Amino acid sequence: MRRWHRARRALNYANLSTPLGLLVARLGRARLTAGPDGLLLAHGYRIPFPVAGAFTVGNVVLTRHGEGYLTGALLRHEDRHASQYAACAGLPMLPLYVAAVAVSVLVCGNPGSWNVFERLANLEDGNYPRTPPWWTRARARRRR
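Cut-offs applied
- Residues numbered from 1 in each chain as written.
- Predicted model: local features only at pLDDT ≥ 70, side-chain atom pairs only at ≥ 80, totals over all residues.
- Heavy atoms only, no water.
- Core = buried A, V, L, I, M, F, W, Y, C linked by side-chain atoms within 4.5 Å.
- Buried < 20%, exposed > 50% of the residue type's maximum accessible area, 1.4 Å probe, protein only.
- Helix = DSSP H or I, 4+ residues; strand = E, 2+ residues; numbered from the N terminus.
- Contact = heavy atoms within 4.5 Å.
- Pairing = 2+ DSSP bridges.
- Phe/Tyr/Trp six-rings, centres within 6.5 Å; stacked < 30°, edge-to-face > 60°.
- 1 Å grid on protein atoms, 1.4 Å probe; cavity = no way out; pocket = protein on both sides within 12 Å on 5 of 7 lines; lining within 4 Å.
- Points joined across faces, edges and corners; volume = space filled by probe spheres on them.
- Nonpolar A, V, L, I, M, F, W, Y, C, P; charged D, E, K, R; others polar.
- Expected span 1.5 Å × (residues − 1).
- Arc of directions from axis to C-beta.

Draft legend 1. Examining the nonpolar core more closely. By size, the foremost hydrophobic cluster in this structure holds 15 residues, and its most contacted members are A25, A42, Y45, F55, V60 and L62. Listing elements by their share of this core, those giving two or more residues are α2 (17-27), β2 (40-43), β3 (54-57), β4 (60-63) and α4 (93-108). Sequence-distant contacts of A25, defined by excluding residues within four places in its chain, comprise A30, L32, A42, V60 and L62. With 8 residues, the next largest nonpolar core counts L41, A54, V61 and L74 among its residues.

Here you go:
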């Protein structure tokens, strides 16, 4: 594990985001396994919220799917979210993320396309569409 991943793991424990992720995994009755780069993978999450294929809290990546789902581009996307928790000092990321979802919905009607956290984690890796802002779609409709 690289030095940055060790530092991120320590930061996310200290800022309480990883302990919160472990609590969420426990409440969702997910099975925990060690993942790459200091991540903890929680498969079989059973709570119906959020409606994402996977989501991250601290260094804990949670999914409803079974083992083998969190690989490749999706795992890289969630890894970037773990780094965002460290950069946001942990738990402040949660209200910041909710605000970013609200902005994205207002801008384009989609919770991910204009969400700064999803854009920085690479939209395509997280299976998010690139939806243009409503004003460019409205302008295009007027031109037709």
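Draft legend 2. Structural detail: the pairing of β2. Residue alternation in β2 divides its side chains into two sets, L40 and A42 and L41 and H43, and both sets are buried. Two strands pair when backbone bridges link them, and strand β1 (residues 31-34) and β2 are joined in this way by 4 bridges, in the antiparallel orientation. For A34, the partnering residue across the bridge sits in β2 and is L40. Between the end of β1 and the start of β2, which pair antiparallel, lie 5 residues, with D37 showing a positive phi angle near 55°.

Draft legend 3. Region of the structure containing the packing of aromatic side chains. Summed over the entire model, instances satisfying the criterion amount to 3 aromatic pairs. A ring pair is formed by Y45 and F55, whose centres lie 5.2 Å apart and whose planes are at 75°; its orientation type is edge-to-face. You can see Y45 sitting in the loop between β2 and β3 and its partner F55 sitting in strand β3, a full 10 residues away along the chain. Exposure remark for Y45: the relative accessible area of 6% places this residue in the buried category.

Draft legend 4. Representation of the layout of surface pockets. A volume near 730 Å³ is recorded for the largest pocket. Lining the largest pocket are 28 residues, with P50, A52, F55, Y97 and E118 positioned closest to its centre. Of all the secondary-structure elements, those providing two or more residues to the lining of the largest pocket are α2, β3, α3 (72-87) and α4. The residue inventory of the lining of the largest pocket, partitioned by class, reads 20 nonpolar, 6 polar and 2 charged.

Draft legend 5. Representation of α4 within the structure. In a regular helix each residue adds 1.5 Å, so 16 residues correspond to 22 Å; α4 covers 22 Å between its end C-alpha atoms and thus fits that length. The set of residues buried in α4 consists of M93, A100, S104, V107 and C108. Down the axis of α4, the sector holding all buried residues measures 70°, keeping them to one side. Projecting away from the buried face of α4 at angles above 90 degrees are the exposed residues P95, V98 and L106. In the segment just after α4, G109 is the residue with positive phi, at about 80°.

Draft legend 6. Main features of the environment of R46. Inspection of the secondary structure puts R46 in the loop between β2 and β3. Owing to a relative accessible area of 52%, R46 belongs among the exposed residues under this scheme. Linking R46 and G28, residues 18 residues apart in sequence, is a C-alpha distance of 4.9 Å. In this structure, R46 is in contact with G28 and R29, ignoring residues within four places of it in sequence.

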